[in-house]
Amino acid sequence: MSSAEHVEEGYPLASLHTGGDNPGIDGNGILPSPAHDSAGRRTRRRFGTFNKLHVRFYSFRPLIRLLIIVALGLVPIYYFFGVELQGLFRRPPRPPGYKWSDEEDAEWPILPPPPPTHPGPPSEKWERRAQEVKDAFIHAYRGYEAYAFPADELLPLTRGGANYFNGWGVTTVDSLDTMWMMGLKNEYQRGVEHVERTQYGKHDGTVPFFETSIRYFGGILSAYAKSNNSLLLQKADELGAALLPAFDSNSGLPFWGVNPKTGNTEEHWGPEIVILAEMGSCQMEYKYLAHLTGKREYFDKMEKIMNLMRVHQSYLATDLISVFFSTTRGMPVGTHFSVGALADSAYEYLLKQYLMTNKTEKKTMEMYLRATKGIIENLLYISYERQLLFVTDIDGYPSQPSYIFEHLSCFLPGLFALGAHTLSLPATQKQLHLWIAEGLANTCYLTYMDQRSSLGPDEMQFWMNSEKWYPKYKKWLKSSSARRASGNLPPGVVKEPRVEKQLSRRDYSNRKHTYLLRPETVESFFILYRVTGEEKWRDRGYDIFRAIQDMTKTEFGYASIMGIDTAQPTQMDSMPSYFLAETLKYLWLLFAEDDGEYDLNQVIFNTEAHPLPVFNWTAQQIKDWRIPVASA
Ligand code: DMJ
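Cut-off values and rules
Residues numbered from 1 in each chain as written. Predicted model: local features only at pLDDT ≥ 70, side-chain atom pairs only at ≥ 80, totals over all residues. Heavy atoms only, no water. Helix = DSSP H or I, 4+ residues; strand = E, 2+ residues; numbered from the N terminus. Buried < 20%, exposed > 50% of the residue type's maximum accessible area, 1.4 Å probe, protein only. Contact = heavy atoms within 4.5 Å. Areas by Shrake-Rupley, 256 points an atom, 1.4 Å probe, with all protein chains shown as cover. Expected span 1.5 Å × (residues − 1). Disulfide = S-S within 2.5 Å. 1 Å grid on protein atoms, 1.4 Å probe; cavity = no way out; pocket = protein on both sides within 12 Å on 5 of 7 lines; lining within 4 Å. Points joined across faces, edges and corners; volume = space filled by probe spheres on them. Nonpolar A, V, L, I, M, F, W, Y, C, P; charged D, E, K, R; others polar. Near = heavy atom within 4 Å. Polar contact = N/O pair within 3.5 Å; in protein donor to acceptor, adjacent residues only side chain to side chain. Sits in = over half its atoms within 2 Å of the grid points. Pairing = 2+ DSSP bridges.

Draft legend 1. The arrangement of the overall build of the protein chain in detail. When helices and strands are tallied, the protein chain shows 22 helices and 21 strands. Scored against the burial criterion, the 632 residues of the protein chain give a buried share of 54%. At a minimum sequence separation of 6, the contacts of the protein chain that also span at least 24 residues come to 71%. About 28500 Å² of surface is accessible on the protein chain, with carbon and sulfur atoms providing 56% of the total.

Okay, here's the thing in structure tokens:
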């Protein structure tokens, strides 16, 4: 804009410093308002409008005039102070313009959640459904025993067996506690005899440390915990000892694989690289075994890893733990953070170690809470179309989200719900964790129901117009009108999520088109049902179970499928052991009436759904091993 134009607009820039010669500036050198131009036209126009309004105003009756004045007076008051005024009733007064810190936000008493609708008396409907799951288990296990045993897994289309996990009959060992739960005594007995026959320590070949720990080691320990059969404890000890060479790295972080007979180790992810899931998902098993056997070595190896993870987490701004570490230096490698593949169960074990040791190992609980903060602030996103809450991974510096949401990450709602249920948290933090659990579990459920098969993809690619969730949540929290309008449910949490069958209207595309019989979504439903008592989690679990029956059942067992969003998905020749160990177990637990045997405060499920009991370190163990415990 030129200075000439400015003069026309009533801002005589060129004459600003010249004093009273300029008609635009009065004798005191004060720049008049644009309304006072030399011709006076605008001034007159303004008074003209005012006069008309004035006359019209006085044409109303006095009462109407009073109401208009009151209404006009309220508008600016509400506009400028409305939110704060409402806030005054809820928050202690603060000076104007005061910025509320996160801690104060957390303490600010928002409305409590509605009371859970507790499960009613035993119902025939759910007993029948639990029986349907048991029948599915029997069908799968009979097929496995008939055509695959003692190989690891059943090939459900070609009636064969495959050895992906050492050839020790992983489906049997992984399924032992499910058989125990379901009362399948004969199958259980045959399975235990198989464990007793297997010579874990003499196996000459590399076994994968992580899978062997969570499936075999966890499976045998939990069968021992239920049965008290000392032979099973011996086998767990034999296996635990056979895996110990995995920790013979410079840092104490485990190698990918170990040969039980020779003690040789093997790498997998790259030279000197270990992933977070491997280093952080053996503590429940080894600590429980250390407690049972009194062998300090088992405990020390775990504590070394935990200390390393804690130090690393404490100096990172994200409050998360890196996905990759160096086995030599014990230091993180790269800038990748995730709760999905390669990382997931390490976060799970932070909370679960604390719970399993009767809430005495405070350090792991602190690590868990710190990690939840990191997850909330860095990894939670919300989609644009349906406002779906999801968790993704980040990489780079500054970090960038991938917007990928994995089925594997659907364990996270269950973990947040478990933490909210079992930890002594301030009411609002508990509520926040429960909201996150509900929002994420809704999304997991929708990714199933959106598909033509009603079975969820292994990976989803959300659109890049998704936004970080936490800033939106904070904004919502501070606005009482937004909270009221949403029925006190934050963004990303709705009671009735909307299924979207039309591909073009979805918030994501399927990145992988397979459903691999995975458990994470129904696992979270089980925990959410136990924590909230809301029947909808059972109903949703049953929706998924029916889809499993319709789409994956074969003559000999159950099969993973591909083409989940097609009219005719294709069955694949694979029935992973976790389908029996986890998916069917969690479904059964979700539907069966609970007599308290699997109370979430008494029994802690390892990442392969093997229930291990809460225990107390003995006074001797605490003293001799210097276990840093706080009283429960
Ligand atoms: C299971 O083997 C375990 O739950 C593991 O921690 C990751 N997920 C698989 C099944 O999806």
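Draft legend 2. Local environment of helix α16 (residues 427-449). Here α16 contains 23 residues, and its C-alpha end-to-end distance of 33 Å stays within 8% of the 33 Å for a straight helix at 1.5 Å per residue. Within α16, 19 of the 23 residues are buried, leaving the element largely enclosed by the surrounding structure.

Draft legend 3. Geometry of the state of the cysteines. What the rule picks out here adds up to one disulfide. Through a disulfide, C410 is tied to C444; the S-S separation comes to 2.1 Å. Taking the sign of the S-S torsion, -100 degrees for the link of C410 and C444, the bridge is left-handed. Of this pair, C410 sits in the loop between β13 (404-406) and α15 (412-422) while C444 sits in helix α16, and the two are 34 residues apart along the sequence. Like C410, the residue C444 is buried in the burial classification.

Draft legend 4. Up close: the layout of surface pockets. Empty space within the largest pocket amounts to approximately 890 Å³. Lining the largest pocket we find 37 residues, and of these F210, E211, R215, L408 and R518 sit closest to its centre. Where the lining of the largest pocket is concerned, the elements lending two or more residues are α8 (209-227), α10 (276-280), α13 (344-356), α19 (520-532) and α21 (577-591). Residues belonging to the lining of the largest pocket are distributed by class as follows: 17 nonpolar, five polar and 15 charged.

Draft legend 5. Spotlight on the site of the ligand. What surrounds the ligand is the set I214, D344, L408, R518, P519, E520, Y578, E582, T607 and E608. Within the backbone of T607, one N or O atom sits 2.7 Å away from an oxygen atom of the ligand. Expressed as a share of its isolated accessible area of 300 Å², the protein-covered part of the ligand is 92%. Mapping the ligand onto the cavity grids shows that it belongs to the largest pocket. For the shell around the ligand, a count of residues per class yields four nonpolar, one polar and five charged.

Draft legend 6. A look at the sheet that holds strand β18 (residues 561-562). Strand order in the open sheet formed by three strands is β17-β18-β19, with antiparallel pairing between adjacent strands. Each edge of the sheet is formed by a strand with only one pairing partner; in this case those strands are β17 (514-515) and β19 (570-571).

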